[in-house]
Amino acid sequence: MRMRRPVLVLLLFLLFILEGTVLPWLIPDAWEMRIIPNLVFVVILFVTVYHHRHTALILGLSFGMLHDVVFYGRILGAHSFAMGLSAYLIGLIFQIPRAPLPLMMTAVLLGSLLEDSILFAIYNVFNLSQEPYNWALLHHMLPTMLIHFAAGLLLYVPLRRQLELLKKETIDEEAA
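Because the structure is a prediction, the values reported are computed rather than measured.

Digging into the environment of histidine 51
You can see histidine 51 is positioned in the loop between helix H3 (39-50) and helix H4 (53-70). With relative accessibility at 9%, the residue histidine 51 sits in the buried group. Leave out the neighbours within four places in its chain, and histidine 51 touches Phe46, Leu163, Leu166, Lys167 and Thr170.

What follows is the structure, given as structure tokens:
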């Protein structure tokens with residue numbers, strides 16, 4: 001009966017593979033270094049709002065570490081920490097079981113900004129970034145937030161349905 005959890009993890013792995021294989025071909029060359037689509041993180045934000053923030057924390061830590069190992073080798077754990085912490089904090093702010101579309105898109109935008117800001121802070125602490133925050137916000141964070149917003153709009157209906165079924169399944173298991 002617990003079929004939805006493996007499907008969620010499989011979906012996250014599929015999106016992770018798409019991020020590294022198909023999406024770089026779709027992004028124009030001029031925007032390649034400015035836009036970093038993180039579809040896995042968008043789905044994790046859906047998990048934190050519609051399912052549970054602790055599940056999103058674990059998914060953020062594990063898939064963030066996978067991002068660190070595969071895509072970004074500068075500092076292991078930076079993306080893991082940023083994805084996990086931002087998903088957990090967004091889950092603390094947005095504790096609404098049936099969040100409507102505008103609220104969910106606000107969570108996606110704030111989560112994206114929070115994750116990128118945490119990464120910016122980590123990179124500044126270790127002197128890996130020389131740009132000021134306002135430059136990074138304008139040239140990297142805002143374009144990435146727009147891509148995350150568009151991905152959130154596309155994924156809203158199917159993900160919401162599946163996560164509400166997962167939450168109902170979890171509640172039924174706890175009651176039994």
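Here we look at the pattern of salt bridges
The tally for this structure, following the rule as stated, stands at one salt bridge. The closest approach of N and O atoms between glutamate 164 and arginine 160, which form a salt bridge, is 2.9 Å. Taken together, the residues span about one helical turn, with glutamate 164 and arginine 160 both in helix H7 (residues 133-175) at a distance of four residues. Judged by its relative accessible area of 16%, arginine 160 is buried.

What about the packing of aromatic side chains?
What describes a pair of aromatic rings is the distance from one ring centre to the other and the angle between the planes of the rings. Scanning the model with the defined rule gives seven aromatic pairs in all. Relative to tyrosine 72, the ring of phenylalanine 71 lies with its centre 6.2 Å away and its plane at 65 degrees, an arrangement referred to as edge-to-face. Judged by its relative accessible area of 33%, phenylalanine 71 is partly exposed. Pairwise contacts between aromatic rings join Phe16, Phe71 and Tyr72 into one cluster.

Description of the UniProt feature "transmembrane region" (unreviewed entry) in the protein
Mapped onto the present numbering, the UniProt feature "transmembrane region" (unreviewed entry) falls at residues 34-50, 78-96, 103-126 and 138-159. Between the C-alpha atoms that bound residues 34-50 there is a distance of 30 Å. The span itself is 71% helix and 0% strand. Structurally, residues 103-126 comprises 96% helix and 0% strand, and the distance from its first C-alpha atom to its last is 35 Å.

About the criteria used
- Residues numbered from 1 in each chain as written.
- Predicted model: local features only at pLDDT ≥ 70, side-chain atom pairs only at ≥ 80, totals over all residues.
- Heavy atoms only, no water.
- Helix = DSSP H or I, 4+ residues; strand = E, 2+ residues; numbered from the N terminus.
- Buried < 20%, exposed > 50% of the residue type's maximum accessible area, 1.4 Å probe, protein only.
- Contact = heavy atoms within 4.5 Å.
- Salt bridge = Lys/Arg side-chain N within 4 Å of Asp/Glu carboxyl O.
- Phe/Tyr/Trp six-rings, centres within 6.5 Å; stacked < 30°, edge-to-face > 60°.
- UniProt positions renumbered as here; feature names shortened; annotations may be inferred.

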